[in-house]
Each structure stands twice: as structure tokens, then as C-alpha cells.
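# Working through the structure, step by step
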Amino acid sequence: MRLSQSFFPTLKEIPSDAQIPSHQLMMRAGLMRPLAAGIYSFLPLGFRVLQKIMNIIREEMNAIGGQEFHLPALNPIELWEETGRVKAFGDILFQIKNRPLVLAPTHEEIICHIAKNHIKSYKELPQIWYQIQTKFRNEPRPRSGVLRGRQFTMKDAYSLDYTWEGLDKSYALHEEAYKKIFTRCGLKFFIVGASSGAMGGSGSQEFLLESAEGGEDSAVVCDNCGYAANLEVAVSNAPRVERLPESKKREQLFTPNIKTIKQLSEFLRVETTRLAKSLVYNVAGKPTLILMCGTDQLNEAKLMRELGGEFRAYSDEELFDLTGADAGSIGPIGLKNFQIIADKRLEQSNELISGANKNDFHIAHIDLERDISVSKYADLRIVETGELCTHCGKELRIINAIELGHIFKLGTKYADAMHATVLNEEGKELPIIMGSYGIGVERIAACHIEQNHDVNGIIWDKALAPFLVHLISVNAENENVIVASNKLYEQLTSEKIEVIFDDRVGVSPGFKFKDADLLGMPLQLIVGDRNLKQGNVEIKIRKTGERTILPVEKAYDFIAKF
Ligand SMILES: [Zn+2]
């Protein structure tokens, strides 16, 4: 492609609304332009990248037996009502104003609908169905460029089985395919166990990419043994609070105006681990006190799993009515009709201090074994940086991460709601067991840029680069340069090497080099007057900056070898 005849609007300045490198560079390099909040037009260079990503995905999905579909983005709303997901998605689901239709954010309902109508026997299973298609989500605050947009391209795949072993197998196939896809796209990723959230189902894993600036998920990683988990489910080896040999008699302490654990620790001159923090929630109508150790933070996702359902906080008035005190002075002693759940770190501990359920008072020398009936000890805390790995004992790190893909064992949730069944050998109806597997296509491009850029621009990997070679005719007014670079362009293109050719006249060499670094093709083939006089051209490897001067006729071999 000749730049003189191409549409590639680059920007010198960073757009003011672009906060993270991938967003800035996708705009500056002219890969895309915004149309409205969270909606982008992909321009020719950007779309070439998306096509390369889609081809890699297609190859790996086909390799595990996936069959490609193209399902409608417009879905009848009643299918979504059957599974209760109009309500579950809420405002995220785009609804059409003048027809009972929605713009699909994912396609479990449609897949299940097709399976229900056309698959009758267990003999027709397993199936793996996928598509690469536009999805819609009404993000309340679109940001970070394509990482959180309202319209995006997704590869969504679905497995259909009639046994749980079959589901495990389909799931494992996708896990392997995903590893290959992300590796081929040149991404350094890791896999974490995650909670299934709004999708429902029995198990799920996320493929994440570390990104300090672009990350919207948090994950805990161990650099030593490779343990990685979503912060919602991560565990660590936080030590238990030691049980001291003697439990003293309980004592009430006057603690005027003390509201926080830190203030209390300073006021009483005791370690924060001896201070038991009390949180009160309404769990299915029952007041529940959660005891946490010192400054530990409650992990609400873990608590929700322990409780097996929703809970809510009380208002200040409700709290006072239930306990006789305000939030900073609540404790486990003397509460009536409460269930008490405590974090594992506090198991069997004594000599604790907690609120007295009387403002400005605390109680010392609490022994959980002697004084309180704890209905359950559970891991309820958020893991913090520097805590030790439960597998190898080395320090854990908390990182920001971007989600690249997510795989779910859905089970029979959708088949049950939509009555999608097959007949087994004995003629008995069995629900179809589903898995669902997603990858964001634009996300891969953005994540690749997050991991591969420098101050000058993008550094594309061969696999995703819009073009392999950026051919620059340094002085396009010079006859020798024109002839030589045209010849190279013809030669490389006829050998099916993808070349973008900066043949612009009247553009300074400095400007052309800047553009080449910004666009980030893996190789720059530089044809300049000075080298050409010796019969040479220069090749620069964008990633390393390494430059090689070699005879014109050797350029093709160098590039072909690369
Ligand atoms: Zn470890």
C-alpha cells in the first residue's frame, strides 16, 4: 500500500480524553476514530489488525472442532425474558424502542434456542459453535478506548454436551485454544480462577493481562510459583491471631471519640491484630455480625459465597436500634438474636478488644471460645500485597489487569430455563449442558499495544502488524531513490510480503521516520540517497532499534528470513 494514496490520519498530539497508552496510540496512529462515547470507527490500518486477530482466533477455534456461525445482533426480547436476563442485565442491555427486540450483549439464549429446536438426540452431541460478531453493552461510563466500549467485536463460543464429563472436555479444549490464541497474538497473559458473576454456572477462568494503567480488574499473583487469582477469590497465608496462654477477665474501657481501628490502636497502645472489627449486615432478614481482624478488609464476594446469597448493610438508625451503638463502637458481646461469622484469622483467639455496643466504650480481654458463639469461621478477607503465597510461601503481589477472555462452565442454567433437552439411549430427556467462552477482539489489539510500545509509538509483533515492512523513500524527489524504492516495493509485494510504502513527496525525512515509529511495523526498510550511492539500503528493526546496512539485492532475503 502506498501512503501517498492511503487514508491514515495520524495525530501529533495525544487526545485529551485518552488516558492509557493503547487508547492514545490507537488514536495517534490512525487506527480508529471515535463516533460517540464508547463507539469507534476502525480505519483501514486498525481494521487490518482486527482481521489478523480474527484469523488467528478462527484457526484455533476450527482446530478444536468449532463451527462458525453468524447470529443476529437483534434478538427477540422474549428469549431474554425466558432466562430472566432482561432483569439480570438491567440497563446494560440495549432495548429497541419501537419493537420488542434487544441488541445482544452475548448469545447464550440464541444458541440454546437453536439447539432446542434442532438437536433431538444425544448422538448429535457434543457441538462447539462460535461466531465473531458485534456485541452491544450500554456501559454507563465508557472509557479507556476500546477496553470499555458500547459496541465491540467478540468471539463467543458455546459448547453443547449431555454429560458433565463432556462439558469438562469441551472446557479444557477451549482453555488450550485460548492459550494458543493469546500466545500467537504475542501477549504475556495469565489465567486466574474467577467467580461466575452474572453468567451463572459452576466454574470459570479469566485470561488476564497485567496493566498498571489500563487494568480494571485486580488479581493476586505469585511471581515465584505462578499462583494467580482474581482478587474476589484469592487466598493468602495471613497468620492467625495467636491464642495467648491466659484469658483475662473482660473489662470495659472508656475510649472517647475513638472511631477507627488505627485510632484505637494508638490510644490503647496495642497491635491492630488484637482489635476485632465488627461489621453488621442484614442477611435474609437476620442481623449478622462479621468479625474481622484489625485493619483487614472484608471481601464481599467471599462473604456472599459463604452466605449463599445477597446481604445488605443497615442504615445508621437501624444499626443503633439493633446494637445500641454507632458503627465504631459495635462488638460481639451482649448482642441478642445475632448470628456471628468470623474471619479465619480469629479462629480460637483470645485477648481481643472490640466495641462495647455503647458509644465511646470498648471491651478488652474477649475470648472467642469462652465469650461468644461463633456460627462459622471463614476466609473473608481481601488479600494484600506482601502477604505470603499459600503454595510456596513467597510474597504475593496485587496487580491491575485487563480481561482478555473468560471461559465459563454454564451447566444447565440456560437449558433448564428454555427447556432444551436431548433424548438419551433409553429415550429419557436430558438437559443440554452448556459452556460459554468469550474473547474481545479489539481488546487483544489494545492489550498488545499496552504491552508493546515506547515513547515513539507502537511496536507490533509480526502476527498482528498491519504490514510487516514499512518502506521509506527518504528523499522521494531523488530519481535514484524513486526507482530503487519502487523496485523494492514491487519485488516484496509480488512475494506476498505486506508492505506499506511511504512514497510521499514533500514530506521531510524526519517526519517520515517519526510516522514509521508511531505506526510500529516490525521492519523499516529505509532507502536514502547516501546509502544508495554505495548500492545499499538500511533496515531497522522497530522492536530493538537495531540497524543493518546491506546491499539492495540482499534486502529481500533479510526480510524473508525475518
Ligand atoms: Zn507461590
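Residues numbered from 1 in each chain as written. Predicted model: local features only at pLDDT ≥ 70, side-chain atom pairs only at ≥ 80, totals over all residues. Heavy atoms only, no water.

## Section: the sheet that holds strand β30 (residues 536-541)
Whenever strands of a sheet pair, they do so through backbone hydrogen bonds, lying parallel or antiparallel. Test applied: In this scheme, strands are said to pair when DSSP sees at least two bridges between them. Helix and strand definitions here come from DSSP, where helices need a minimum of 4 consecutive H or I residues and strands a minimum of 2 consecutive E residues; each element is numbered from the N-terminal end. Fitted lines through C-alpha atoms give the axes, limited to the stretch in contact for helices. The angle between two N-to-C directions lies from 0 to 180 degrees. In this analysis, two residues are considered to be in contact whenever any of their non-hydrogen atoms come within 4.5 Å of each other.
Taken in spatial order, the 5 strands make up an open sheet running β28-β27-β29-β30-β31, and their pairing is mixed. Of all strands in the sheet, those bounded by a partner on one side alone are β28 (499-502) and β31 (547-551). Strand after strand, the sheet turns through a mean of 20° between neighbouring axes, direction not considered. Of the strand pairs in this sheet, strand β27 (residues 469-473) and β28 are connected by 4 bridges, and their pairing is parallel. Counterpart to H470 in the pairing with β28 is I500. Contacts from helix α14 (residues 509-519) reach β27, β28, β29 (523-527) and β30 within the one sheet, and its direction differs from that of β27 by about 175°.

## Thoughts on the pairing of strand β7 (residues 127-136)
As a reminder, the rule being used: Burial classes: relative accessible area under 20% of the type maximum marks a residue as buried, over 50% as exposed, and values in between as partly exposed (1.4 Å probe, protein chains only).
With 9 of 10 residues buried, β7 lies mostly within the body of the structure. The pairing of strand β3 (residues 67-68) with β7 spans 2 bridges and is parallel. By the bridge assignment, E68 is partnered in β7 with Y130. Pairing between β7 and strand β8 (residues 151-161): 10 bridges, direction antiparallel. Residue I128 lies in a different strand from β8, and its bridge partner there is S159.

## What about the coordination of the zinc ion?
This is how the line gets drawn: Only nitrogen, oxygen and sulfur atoms qualify as donors, and only when within 2.8 Å of the metal (3.2 Å in the case of Na, K and Ca); with water excluded, sites may look incomplete. Square planar and octahedral sites, with four and six donors, are those where opposite donors lie more than 155 degrees apart and all other angles lie between 65 and 115, tetrahedral sites have four donors with every angle between 85 and 135 degrees, and the rest are irregular.
Protein-derived coordination of the zinc ion comes from C222 (SG), C225 (SG), C389 (SG) and C392 (SG), at a distance range of 2.3 Å. The site at the zinc ion holds 4 donor atoms, and with the angles between them running 97 to 117°, its shape is tetrahedral. Positions of the donor residues of the zinc ion along the chain correspond to the pattern C-x2-C-x163-C-x2-C. Accessibility expressed as a relative area gives 3% for C222, which makes it buried. Using a relative accessible area of 40% as the deciding quantity, one classes C225 as partly exposed.

## Examining the sheet that holds strand β18 (residues 352-355)
Ordered in space as β13-β19-β18, the 3 strands form an open sheet in which the pairing is antiparallel. Strands at the two margins of the open sheet, each flanked by one partner only, are β13 (251-254) and β18. With strand direction ignored, the average angle separating the axes of adjacent strands in the sheet is 30°. As paired elements, β18 and strand β19 (residues 361-366) share 3 bridges and run antiparallel to each other. Within the sheet, the bridge partner assigned to S354 lies in β19 and is I363.

## Structural notes on the domain arrangement of the protein
To keep it simple, the criterion reads: In this entry, domain limits derive from an automatic or database-based domain assignment.
Taken domain by domain, the protein consists of domain 1 (17-234 + 398-449), domain 2 (251-378) and domain 3 (469-561). Using only C-alpha atoms to locate each centre, domain 2 and domain 3 end up separated by 69 Å.

## Overview of the environment of F190
Looking at the secondary structure, you find F190 in strand β9 (residues 190-193). What makes F190 buried here is its relative accessible area of 17%. With 18 residues separating them along the chain, F190 and L208 place their C-alpha atoms 5.4 Å apart.

## Section: the side chain of R443
Cut-off, in case you're wondering: We treat Lys and Arg as the positive residues and Asp and Glu as the negative residues; His and chain ends play no part in the count. Only one rule defines a salt bridge in this text: a Lys or Arg side-chain nitrogen within 4 Å of an Asp or Glu carboxyl oxygen. The definition of a polar contact used here is a pair of N or O atoms within 3.5 Å, where within protein one atom must be able to donate a hydrogen and the other to accept one, and adjacent residues in sequence count solely through side-chain atom pairs.
Relative to the assigned elements, R443 resides in helix α12 (residues 441-451). For R443, which is buried and forms no salt bridge, the nearest opposite charge comes from E216, at a distance of 4.3 Å. Among the polar contacts listed, one links the side chain of R443 to the backbone oxygen of E403, at a separation of 2.6 Å. Apart from residues lying up to four places away in sequence, R443 is in contact with L147, E216, I402, E403 and L404.

## Comments concerning the packing of helix α1 (residues 21-28) against α12
So the rule is basically this: Roughly parallel here means an angle under 35 degrees, roughly antiparallel means over 145, roughly perpendicular means 65 to 115, and every remaining angle is called oblique.
Close contact between α1 and α12 brings their axes to 8 Å; oriented N to C, the two are set at 105°. Between α1 and α12, the interaxial angle falls into the category roughly perpendicular. Side by side, α1 and α12 meet where P21, S22, L25 and M26 of the first sit next to A445, A446, I449 and E450 of the second.

## Some thoughts on the nonpolar core
This is how the line gets drawn: Residues grouped as a nonpolar core are buried Ala, Val, Leu, Ile, Met, Phe, Trp, Tyr and Cys residues, joined through side-chain atoms within 4.5 Å.
Ranked by internal contacts, the top residues of the largest apolar core, which has 56 residues, are I57, I181, F182, I444 and W460. Broken down by element, the residue count for this core peaks at 8 residues, all from helix α2 (residues 44-63). Counting residues domain by domain, this core receives three or more from each of domain 1 (17-234 + 398-449) and domain 3 (469-561). Sequence-distant contacts of I181, defined by excluding residues within four places in its chain, comprise I56, I57, E60, I439 and I444. Of all hydrophobic cores here, the second largest spans 29 residues; its members include V86, V102, Y122 and V422.

## Considerations on the packing of aromatic side chains
Where we set the bar: Aromatic pairs are defined between Phe, Tyr and Trp rings, using the six-membered ring for Trp, whenever the two ring centres lie within 6.5 Å; interplanar angles under 30 degrees are classed as stacked, those over 60 as edge-to-face, and all others as tilted.
Under the counting rule described, the total for this entry stands at 12 aromatic pairs. With a centroid separation of 6.3 Å and an interplanar angle of 55°, the aromatic rings of Y171 and Y437 are classed as tilted. One end of the pair, Y171, is in helix α6 (residues 164-184); the other, Y437, is in strand β24 (residues 433-440), and 266 residues separate them in sequence. Overall, the relative accessible area of 7% leaves Y171 in the buried class. Pairing F254 with F361 gives two aromatic rings, centres 5.2 Å apart and planes at 45°, and the pair type is tilted. A residue pair is termed long-range when its members are at least 10 positions apart, and F254 in strand β13 and F361 in strand β19 qualify at 107 residues. Given a relative accessible area of 51%, F254 falls into the exposed group.

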